[in-house]
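# Analysis of the macromolecular model
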Amino acid sequence: MKSPTDGIRIFIVEDDLLFAKTIRYILTLNPDHEVYVCKNGKECLDLLHLNPHIVSLDYSLPDMTGDDVLKRIKAHNPDIGVIILSGQQDVATAVGLLQKGADDYLTKDEANKERLFNIVEKLKKRIFLQKEVETLKEELSERYQSNENMKGNSPAMQQVFKLLEKAAKSNITVSITGETGTGKEVLAKSIHYSSSRKKAKLVAINVSAIPKDLLESELFGHEKGAFTGAATRKLGKFELANNGTLFLDEIGEMDIHLQSKLLRAIQEREVTRIGGTESIKFDARIVVATHRNLSDLVEKGKFREDLYYRLLGLPIHLPPLRHRGNDVLVLAKFFLNMTTKENKLKAMKLGQTAKDKLLSYSFPGNIRELKAIIELATIMCNGKTIQREDLQFNSPKKVSNFFLEKMTLREYNIKIVRHYLEKHDESIPVVAKILGIGKTTIYRMLKEDEELTRNQP
Amino acid sequence: MNLALDLTYLNTISEGDKEFINDILNTFLEEMPKDMEQMSSAIEKNDNVLVGKMAHKVKATLHLLGLEELKSLALKIEQTAKENQEHPEIQHWAKDLIAYMDKVYPNIQAAL
């Protein structure tokens, strides 16, 4: 269900258009309400994919009974609040529907503003509470995972842990840099959940994942009617992160025009919703992350220098996995245990050949790639021990990392030959010509390699 | 039969929003003749169940416009049709309702 902070979606299921218009008028007096009118039961059921939070249901519809519609709504999502609207003489039936899952009832004669608002507000409170519980559960689980995921014994990571501790003890803005897949978001979560703000929300937004035109509204929110499509008031991420942490991922991708607005918000510690006039104060720690070099972007004029210094705060650089030595194995074991548990597989361990292969690989996709490799290996592995051949490196960047792998000259030679054979439909004459060697040399190399592979433990 | 409109309810909820009230009155002028047409057709077909359903449908609308006596008539039709669809007076009352409604339309026009 859509977050209640984004607006409350209410369906009015009513065949009497006049009455429906009146109820809609009352409910839309609150700008947070997004109200739809359905003139019969079928129309309501057809629109349930829009996930209403509340349905005001006329007990007596032309095509279906209120009982039928109620059952179908609750089967779709039992959390949808249903208010039965009935005539005075149908109260007994309406009350009967309360036992079947309806949340409240109202006679049409009594459907005045106060009564209707009271019922809707009561349901909204319940929805907010449910949402709060869900969010807390999710956050608890994320917190557990975040702390668990921050693993590593390498000196580079020990330095990261020291800075994490300093960040957690203060309110300073933190700027995280590191290649894609090094765990920038995990670090941001760890900072939040280790800080005094951990009881409030961590609100994350990936700047590069949101179209330029929508980002402003996502960050600062908007008032109802601020632009076409702004059907309800929407709170921005700054407001939602109040007392907590706002994590702006891929900050380097932000449009230069929006950067000035971001700078103003961070400097003034207040935002104004699009289409609004009220300045809204917020108190949130800002954590930003990027895989780019922001100072380069400043030099190229793509990132504001004043914003750069404002966001720099405590810089933490996450090292690429290839610079973290044995952390590869620590993380591989962690992901192996996690994957087997999650998929209810038997316990597995890493064989020596697999460990050697992992240690000799450069992981251009960093931890994210390692996790994917281990997940696939648990599927490929036929026994309890992951072997070299169970690990498949499919990174599109692997050719550029060719020389980072630890191999003997013979292994390099065979790798080159196999690469060209694969590229040229296994044609030995063509590859021999390209590489300037004899065909017999290629046959001999392939035969030797097969024998060596067969004799490997 | 008192057929004078009482817009207190609409004025109260909308705090005198003339645009909203006019929209409701115009909707009444568009929708009610269709409902009365259906009721008339149900009478012709001797379908008292449908007569009762149509009476139910217009009841809340009549309440919104403060037409309480007409609403009571609609309620009587609905309840009687529910309890005994063979009741000899149902169609007579329904015809009365339709006739009264014709007299309400000019009052609505005047309120616009």
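Here goes a summary of the coordinates provided. From a predicted model like this one, the values you see are computed outputs, not experimental measurements.

### Quick notes on the overall build of chain B
- Within chain B one finds 5 helices and 0 strands.
- Seen in sequence order, chain B has helices and strands lined up from the N terminus as α-α-α-α-α.
- The C-alpha extent of chain B, read off along each of the three principal axes, is 45 × 20 × 20 Å.
- Going through the 112 residues of chain B one by one, you find that 48% of them count as buried.
- For chain B, restricting intrachain contacts to residue pairs at least 6 apart in sequence, the fraction spanning at least 24 positions comes to 64%.
- As presented, chain B carries roughly 5,600 Å² of accessible surface, and 47% of it is formed by carbon and sulfur atoms.
- The average position of the 11 basic charges and that of the 19 acidic charges among the side chains of chain B differ by 4 Å.

### Describing the packing of helix H1 (residues 17-27) of chain A against helix H3 (residues 48-64) of chain B
- It is the contact of H1 of chain A with H3 of chain B, at a shortest axis distance of 8 Å, that shows an interaxial angle of 50 degrees. The angle between the axes of H1 of chain A and H3 of chain B places the two elements in the oblique class. Where H1 of chain A abuts H3 of chain B, its residues Leu18, Phe19 and Thr22 of chain A lie against Ala60, Thr61 and Leu64 of chain B.
- A class-by-class count of the residues in the contact of H1 of chain A with H3 of chain B yields 4 nonpolar, 2 polar and no charged.

### Regarding the sheet that holds strand E14 (residues 314-317) of chain A
All names here are of chain A.
- Spatial ordering of the open sheet is given by E7-E10-E13-E6-E14, a layout of 5 strands whose pairing is parallel. Each edge of the open sheet carries a strand with a single partner, namely strand E7 (202-206) and E14. Here the average twist between neighbouring strands, direction ignored, is 15 degrees.
- Of the strands in this sheet, strand E6 (174-177), E7, strand E10 (245-249), strand E13 (285-290) and E14 touch helix H7 (residues 184-194), which is tilted by about 155 degrees from E6.

### A closer look at empty space enclosed by the protein
- Tallied over the full model, the rule gives 1 cavity of 30 Å³ or more.
- The computed volume of the largest cavity comes to approximately 80 Å³.
- In this structure, the largest cavity is lined by Asp16, Leu17 and Leu18 of chain A together with Phe28, Glu31, Met32, Asp35, Lys57, Val58 and Thr61 of chain B.
- Of all the elements in the fold, those that place two or more residues in the lining of the largest cavity are H1 of chain A together with helix H2 (18-44) and H3 of chain B.
- In terms of residue count, H2 of chain B provides more of the lining of the largest cavity than any other element does, 4 residues in total.
- Across the lining of the largest cavity, the residue classes break down as 5 nonpolar, 1 polar and 4 charged.

### Quick notes on the sheet that holds strand E5 (residues 104-107) of chain A
Residue and element names in this part refer to chain A.
- Overall, parallel pairing links the 5 strands, which are arranged E2-E1-E3-E4-E5 in an open sheet. Either end of the sheet is taken by a strand with one partner, and the two such strands are strand E2 (33-38) and E5. The mean inter-strand angle of the sheet, taken between neighbouring strand axes irrespective of direction, is 20 degrees.
- Sheet analysis places strand E1 (residues 8-13) next to E2, joined by 6 bridges and oriented parallel. Following the sheet pairing, valine 13 is matched in E2 by cysteine 38.

### Topic: the environment of lysine 76 of chain B
Residue and element names in this part refer to chain B.
- Residue position: lysine 76 is located in helix H4 (residues 68-83).
- Overall, lysine 76 belongs to the partly exposed group, its relative accessible area being 37%.
- As for lysine 76 and lysine 34, which are separated by 42 residues in sequence, their C-alpha atoms are 21 Å apart.

### What about helix H3 (residues 66-76) of chain A?
Residues and elements named next belong to chain A.
- Regarding H3, the residues found buried are Gly66, Asp67, Val69, Leu70, Ile73 and Lys74. The arc that holds the buried residues of H3, viewed along the axis, is 165 degrees, so those residues lie on one side. Turned more than 90 degrees away from the buried face of H3, the exposed residues are Lys71 and Ala75.

### Digging into the environment of isoleucine 90 of chain B
Residue and element names in this part refer to chain B.
- Along the polypeptide, isoleucine 90 turns up in helix H5 (residues 90-111).
- Taking C-alpha positions, isoleucine 90 is 8.6 Å from lysine 76, a pair spaced 14 residues apart along the chain.
- In contact with isoleucine 90, not counting residues within four places along its chain, are Asn48, Val51, Ile77, Thr80, Ala81, Asn84 and Gln85.

Thresholds applied
- Residues numbered from 1 in each chain as written.
- Chains lettered and ligands numbered in written order.
- Predicted model: local features only at pLDDT ≥ 70, side-chain atom pairs only at ≥ 80, totals over all residues.
- Heavy atoms only, no water.
- Helix = DSSP H or I, 4+ residues; strand = E, 2+ residues; numbered from the N terminus.
- Buried < 20%, exposed > 50% of the residue type's maximum accessible area, 1.4 Å probe, protein only.
- Contact = heavy atoms within 4.5 Å.
- Areas by Shrake-Rupley, 256 points an atom, 1.4 Å probe, with all protein chains shown as cover.
- Lys, Arg positive; Asp, Glu negative; His and termini not counted.
- Charge placed at Lys NZ, Arg CZ, Asp CG, Glu CD.
- Axes fitted to C-alpha atoms, helices over the stretch in contact; angles between N-to-C directions.
- Parallel < 35°, antiparallel > 145°, perpendicular 65-115°, else oblique.
- Nonpolar A, V, L, I, M, F, W, Y, C, P; charged D, E, K, R; others polar.
- Pairing = 2+ DSSP bridges.
- 1 Å grid on protein atoms, 1.4 Å probe; cavity = no way out; pocket = protein on both sides within 12 Å on 5 of 7 lines; lining within 4 Å.
- Points joined across faces, edges and corners; volume = space filled by probe spheres on them.
- Arc of directions from axis to C-beta.

Limitation: the analysis is restricted to geometry and does not speak to function.
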